[in-house]
Amino acid sequence: MSVRQKKQELLDAMHRARELEPSSFVPNKLLDTLIQRMQLKNDAELCRVLEVQPPIISKIRHRKLNVGATILLRMHEKSNIPIRELKELTAASRTPPEGRVHH
């Protein structure tokens, strides 16, 4: 599979996942935790380690693209953080809709 095909496959998976994610998704905790645990300096280093183009991480961080199964799996493979924990970080990053209070 060519690099272009892999990139397109990753983008397609992310777009499908985006449709399933709530609009209140805030991925900063997930990305920041990965950077901290992997002892990286910034998003650019995270991109290199995850082998994704910088616009992918930027779009995730700016909530234009949600974390899909493909990138979640790559995060797990590169960081050795269990998928369950990564998913929990993703869930912990979500904020309740305004006006709702969770007890």
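Please refer to the structure higher up on the page.
Bear in mind that the values here come from a model prediction, so they are computed numbers and not experimental data.

(A) Local environment of the environment of Lys7. Tracing the backbone shows Lys7 in helix H1 (residues 3–20). The spacing of Lys7 and Ile56 is 49 residues in sequence and 10.0 Å in space, taken between C-alpha atoms.

(B) Fine view of helix H2 (residues 28–37). Taken as a whole, H2 has its buried residues at Leu30, Leu31, Thr33, Leu34 and Ile35. Backbone geometry just after H2 places Gln39 at a positive phi near 55°.

(C) Fine view of unusual backbone geometry. In this structure, Glu51 is a non-glycine residue whose phi angle is positive, near 60°. Relative to the assigned elements, Glu51 resides in the loop between helix H3 (43–50) and helix H4 (54–61). The backbone phi angle of Asn80 is positive, close to 65°, even though this residue is not glycine. Structurally, Asn80 can be placed in the loop between helix H5 (69–79) and helix H6 (83–92). In this structure Asn80 comes out as exposed when scored by relative accessible area, which is 63%.

Calculation rules
- Residues numbered from 1 in each chain as written.
- Predicted model: local features only at pLDDT ≥ 70, side-chain atom pairs only at ≥ 80, totals over all residues.
- Heavy atoms only, no water.
- Helix = DSSP H or I, 4+ residues; strand = E, 2+ residues; numbered from the N terminus.
- Buried < 20%, exposed > 50% of the residue type's maximum accessible area, 1.4 Å probe, protein only.

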